[in-house]
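Overview (structure and organization)
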Amino acid sequence: MDYQVNHLRELEAESIFILREVAAQFEKPVLMFSGGKDSILMSYLAKKAFYPAKLPFPLLHVDTGHNFDEAIEYRDWWVDQLGARLIVGSVQEAINNGMVVEEKGVNASRNGLQTAVLLDELEKGKFDAAMGGARRDEEKARAKERFFSHRDEFGQWNPKNQRPELWNLFNGHKHFGEHFRIFPISNWTELDVWMYLAMEEVKLPSLYFAHKRKVFERDGILLADSEFIPKKPGEEVVEKMVRCRTIGDVTCTGVWESNATTLEQIIEEVSTTRMTERGGRADDKRSETSMEDRKIKGYF
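Predicted model, so just to flag it, every value in this text is computed and none were measured.

What follows deals with the sheet that holds strand β8 (residues 221–224). Remark on secondary structure: sheet strands pair via backbone hydrogen bonds, oriented parallel or antiparallel. In spatial order, the strands read β7-β8-β10-β9; together these four strands close into a barrel with antiparallel pairing. For this sheet, the mean angle separating the axes of adjacent strands, direction not counted, is 70 degrees. When β8 meets strand β10 (residues 254–257), the two strands line up antiparallel, connected through two bridges. Across the sheet, the residue bridging to Leu 223 is Gly 254, located in β10.

What follows is the structure in structure tokens.
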């Protein structure tokens, strides 16, 4: 147990160091916030990094409009607890004003539409660094990222043009119009995140704990029954005990059958499963390179 605590404290120290580097090197950073566990961890670490002062940057949520109600309720409560400023970029507004075109059909999702809204919000706010909670163990495209990940003037990412990061030296130099994506919890695993949040007794959204919910199965994934997801013929809605391992757009966020109602039970469950948390994300299954394709275009 002492080894685990020391390991978590080392990860904490590394992430806090990077958060402070961002505040020192960039003029207008922003922290991406979705209401999921990784962004909760990020904002919690940021509070520790700059305490007793307030966060020196706002939080930015790119809102698809197709959210779990519990996630939005938690988001507003948590931002109030932090005493932070929240900026909300709306995909629905982008659809209304013609910036993006909504997908059609039973498998339609707004997840990919977030990219244009994100880039627009970064441009409007003149943000030169956007911090996110992506981890290298999540997905193979995210494993290619450095802590400081350069984006060109169009917000695009070139995975073959990454800057070296030696001896905790981070190069934030950029040209006008360019920005950086920063990933302070890159070296954390899903299990690390759960263990740290349990150790620090951080309150989390109820979605992460097992509860009864109406669901249906599509392509091997359990999806929450929602007005935003049209059903295919033969798709039967049933009630099951489920929980979320990752929180995102309700149209593509799978839920998992589970009886874990405490953090200790979640830790035990995660430590024994062989399925990654993003194994339940329908948007990652559109193609073999779906995440990398989206990231190259500016997605987080």
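After presenting the structure, the write-up continues.
So, on to helix α5 (residues 114–125). Residues that lie three or four places apart on an α-helix share one face, since the helix turns once every 3.6 residues. The end-to-end C-alpha separation of α5 is 16 Å, in line with the 16 Å expected for twelve residues at 1.5 Å each. Those residues of α5 not exposed but buried are Gln 114, Thr 115, Val 117, Leu 118, Glu 121, Leu 122 and Gly 125. When α5 is viewed along its axis, its buried side chains cluster within an angular range of 165 degrees and face the same direction. What points out from α5, more than 90 degrees from its buried face, is the exposed set Glu 123 and Lys 124.

This paragraph deals with the side chain of Asp 192. Checked against the element boundaries, Asp 192 lands in helix α6 (residues 190–199). Contacts of Asp 192, omitting those with residues within four sequence positions, involve His 7, Leu 8, Leu 11 and Asn 187.

Basis of the calculations
- Residues numbered from 1 in each chain as written.
- Predicted model: local features only at pLDDT ≥ 70, side-chain atom pairs only at ≥ 80, totals over all residues.
- Heavy atoms only, no water.
- Pairing = 2+ DSSP bridges.
- Helix = DSSP H or I, 4+ residues; strand = E, 2+ residues; numbered from the N terminus.
- Axes fitted to C-alpha atoms, helices over the stretch in contact; angles between N-to-C directions.
- Expected span 1.5 Å × (residues − 1).
- Buried < 20%, exposed > 50% of the residue type's maximum accessible area, 1.4 Å probe, protein only.
- Arc of directions from axis to C-beta.
- Contact = heavy atoms within 4.5 Å.

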